[in-house]
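# Chains, contacts and geometry: an overview
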Amino acid sequence: VLGNTCPRTAAPPHSAFTHFISGKNNTNESDPGNDEESWARTRSERSAETWSEFRPDIGGEDASAQDQDQFLLTSSTFALSEDTAHNQAMVHWSGQNSSVILMLTKFYDFNTGRVTESSLWRSTDYGTTYEKLNEKVGMKTILSYLYVSPNNKRKIMLLTDPEVESSLLISLDEGASYQKHSLAFDILSLLFHPEQEDWILAYSHDQKLYVSVEFGQKWQLVHDSVVPNRFYWSRLGLDKEQGMIHLEISVSDGRSQYITCKLQNCSDGNKSKPFPGFIIPNSLVVQDEYVFIQVPVGGQSVHYVSYKRNPFYPMKLPKYTLPKDLQIISTDDNQVVAAIQDWHQNDSYNLYMSESRGLFFTLMLEDVMSSGGPEGNIMIDLYEVAGIKGVFLSNKVVENQVKTYITYNKGRDWRLLQAPETDLQGNKVYCEQPFCSLHLHLHVSENPYTSGNIVSKDSAPGIIIASGVIGSELTNTNISIFITSDAGNTWREVSNNNRNIYDNRSWEPGEDTLIMTIFGHFSHRSEWQLVKIDFRSIFQHRCIPDDYETWQLHNEGEVCIMGMKRFFQKLKANVRCVKARDQYSSQMSDSCPCAEADFECDYGFERQIDGSCSPAFWFVPSVTSRDCVTGDSFLNTTGYRKAFSNNCTEGALLKYSPRRQKCPSRAPRGLQLLTSEGTLVATLGRNVTFLVFLEEGLGSMTSITVDFGDGTAISYVNISSIDDGVKHIYSKVGIYQVSATASNTLGFDKVFLYLHVSCQLEQIQLSAPSVVVKNKAVNLTTVLRPSNVGTVTYYWWFDNKTEPIVTLDGAMSFTFSKKGSHTITVQAAIDNTVHQDHIKLAVYDYFHSHVLAFSSNMDDLNPGMPEWREDIGRVVKRCMVQATGISEEQILVTLLPGLPTTAELFIVPERRSTDKAGDGKLSHLDQPWAFTYEIIIIIIIIIIIIIIIIIIIIMLSKDKALA
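Here is what the cut-offs are and how they apply
Residues numbered from 1 in each chain as written. Predicted model: local features only at pLDDT ≥ 70, side-chain atom pairs only at ≥ 80, totals over all residues. Heavy atoms only, no water. Pairing = 2+ DSSP bridges. Helix = DSSP H or I, 4+ residues; strand = E, 2+ residues; numbered from the N terminus. Axes fitted to C-alpha atoms, helices over the stretch in contact; angles between N-to-C directions. Disulfide = S-S within 2.5 Å. Buried < 20%, exposed > 50% of the residue type's maximum accessible area, 1.4 Å probe, protein only. Core = buried A, V, L, I, M, F, W, Y, C linked by side-chain atoms within 4.5 Å. Salt bridge = Lys/Arg side-chain N within 4 Å of Asp/Glu carboxyl O.

This paragraph deals with the sheet that holds strand β59 (residues 763-767). Spatially, the three strands line up as an open sheet ordered β59-β61-β64, and their pairing is antiparallel. Bordering the open sheet on either side are β59 and β64 (811-814), each of which pairs with just one other strand. Adjacent strand axes in the sheet meet at a mean angle of 20°, parallel and antiparallel pairs treated alike.

Below you can see the structure in the form of structure tokens.
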């Protein structure tokens, strides 16, 4: 759609499709179904059908056969030669006061995913003849897309295939001539400014956003790391400046930020952050007066809204509504309609409606059918009828059956559709509610080249054409086409062949819609055929007031709808006239006295069986208005609220309307404290933004104090002073108890959170003896750099164990029960940073160790690197082997980390010569000893016995001598 980001879609080869030139200036790409031959047959049949067969019976009487015979149309056909292989097309008509039509055909290779051929055609006579413009744009130029300024249809932009060249062809004269401009980037999508015809945003494949204020002739980089389709133009009257843009940008760790900046100066110093913290990726929506984001809080997604660019506040849903997904459906008439999939739903959504600020939501309709769209999007079965405010159709799941409901007052009341009284053959239809009713398919095609299931027009209020069935539920069999001319009160079957419905048709002819162009293929391999049909010959004159009659909108006889009696004009039956460009069907309305039916239940209230609104079991009526922050009075709800678009007057208005009351003196309650990032961690030396919310006690005398837990605190006399949050920088790592206190003369409320302040962990080093004794505990220690980084979690793995031992201490003891070589691995984790170290050690039954000291000048040469310690250890080991004559396999040398430089010498038992060689530098430690403890113990015992015998003999000898 012009003025929006254009999707890149691809049509199957040789698909036939139809485009009706109408008052809306369309430039789109085809994407019909997959059954090409069937599709072509359907279109060929349709082109041969008479106009009278599809002419709606507005007056309830059929046109006479004589009138049908007088429908003589003028038509012509033009073949686009040499384009037989082209399988895609884009068409554009300049619109009012212009007979120019442009058509771009191309061949899209599905194997390579690129366009390999293209042709550009131009007509200056409403499509009677076409001129091929390939020579004007360059015979070797391959065109991929066609764009038109939504504010000046004479300005046209053609995009070349970036695989061949990256450039733009720009025309300022409806495509008669072109200038080529090279690009330094590849365009993925464009977004035109809604008012400035030369302002364009371009999004590239590498997530960069560019801007042009000269209709593509020059480009400037705005920002990089922009989230796809999350960039918006500012709106005059809402944003500070016209030349601003709203952006969602990706930051580290899968988080996003919402920023605004001037389009030609988006440097760091010129950025604004309307929301101070991080948001969930792909959640920014800027729509009319509202800005929506999602914020991670405590592991959950919290939806926030800003109204008229004011501060953000959490959206208030009914208490036990726990959204799995939330889709913004509409922001018309100063109300937000949202579809929410609750925690227990899978294929359905509940519809909710807000008050004007988009803050407080009430239930509109439960269990609305949903399905997946072609682009992975969610399709909600809700259709807003064009031309009449407040009328919606929706498909609701009722006891595993899908039924169609209609509302005339924007969701307050819903009812089933009344089935037609007779079928197409005039036979009576027996269908009694609630067991039987009319059910409609409500899917609307976003692509004008593919058909939808339902259509209505602003230019023909009250007329709806849709496909559907009569029965107990909506099905995909025995589908017929139905039409209503009184906005859904009564229906008539017009076809039972399940033909497709096109919203390009204008039912009430005007000067802009008298020529229709059909384009496609007559056969699977034929050339593109352009068929022009001129309807001007069948209309007799320009429409005058006497050609119209008045009809009144009603809902099963009730004429006061949305607080008004509404009257519309429609052409009389059998009148064939043409509306002037500036001639519109007039609408008249009279206000109605307000009644209970004009009010819906307010937030926290639910409708009872008798129609009244009572508080929900979870709701405690309280002062939820922020008016008491800056003023002395507020509007207190009666449990009812009137829709913004309801225009009733007097009557029961005072009974149900909110009543202005003096702000009551209440003690603060419902105080909330959280960080803007939604986490409980912060980085040393960086700003932390705390957000404070209060549900009750929002009086001007309520003060707020925030204690940061590091000896500093700050107080505010009013909570409105901290709408943008409270910023603080911590100078030391640690866990801080942060508190917020709200107090007034009636009491106080206090809330805490515990913030982990840390700095970036750079390294972990594991220390342990190289040799340990079997079945004897060994101490394992770690050293972090920097040493004080905050709360660290340690994960310990021993040998090939898959489950780690988790500790909060960087030291632990462990006992090895088996001799040999063992591996220890430790990880230190803080925030999203993880570092790892590992060592190997040997386990023996026994060993000898000695500490070796070095001269002091060795410390000057010690770089503190593990590799250096290993190299010095090998030198020391070689020297010890030469000096002592001990086997090299029995000596281990380990240099200890740190200063002074120190080494430990280990002498281990000699292994047996018959043992096989071990694996690795310490693998010999796995072999059995040449002598064992038992032998050593026996020898020691024998020596002790001999010594005792000798002592006894000496003692006896002395005794004899004394005697």
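Before going further, it helps to examine the state of the cysteines. Within this structure, the stated rule accounts for six disulfides. Across the disulfide, Cys261 is cross-linked to Cys266 (sulfur-sulfur distance 1.9 Å). A torsion of -85° about the S-S bond marks the disulfide between Cys261 and Cys266 as left-handed. Each of the two residues, Cys261 as well as Cys266, counts as buried. Between the sulfur of Cys594 and that of Cys648 lies a disulfide, 2.0 Å long from S to S. An S-S torsion of about 90° defines the bridge between Cys594 and Cys648 as right-handed. Taken together, the positions of Cys594 in strand β43 (residues 593-594) and Cys648 in the loop between β48 (640-642) and β49 (649-651) put the pair 54 residues apart, joining distant regions of the chain. The exposure class of Cys594 is buried, given its relative accessible area of 5%. A relative accessible area of 5% means that Cys648 is categorised as buried.

Generally speaking, nonpolar side chains in soluble globular proteins are found buried as a group. Counting residues in hydrophobic clusters, the biggest one holds 44 residues, and the most contacted among them are Tyr258, Phe275, Leu284, Phe292, Ile293 and Tyr304. Listed by contribution, the elements that provide at least two residues to this core are β18 (285-287), β19 (290-297), β20 (300-307), β22 (323-330), β23 (337-342), β44 (599-601) and β53 (687-693). No other element matches the five residues that β19 contributes to this core. Leu133, Leu146, Leu169 and Ile200 belong to the second largest nonpolar core, which has 29 residues in total.

The next subject is the pattern of salt bridges. Summed over all chains, the structure comprises 20 salt bridges. Note that Asp288 is salt-bridged to Arg235, the shortest N-O span being 3.2 Å. Taken as a pair, Asp288 in the loop between β18 and β19 and Arg235 in the loop between β15 (226-233) and β16 (244-251) lie far apart in primary sequence, 53 residues in all. For the salt bridge of Arg309 with Asp239, the shortest nitrogen-to-oxygen distance reads 3.0 Å. Residue Arg309 is located in the loop between β20 and β21 (313-314), and its partner Asp239 is located in the loop between β15 and β16; the two are separated by 70 residues in the primary sequence.

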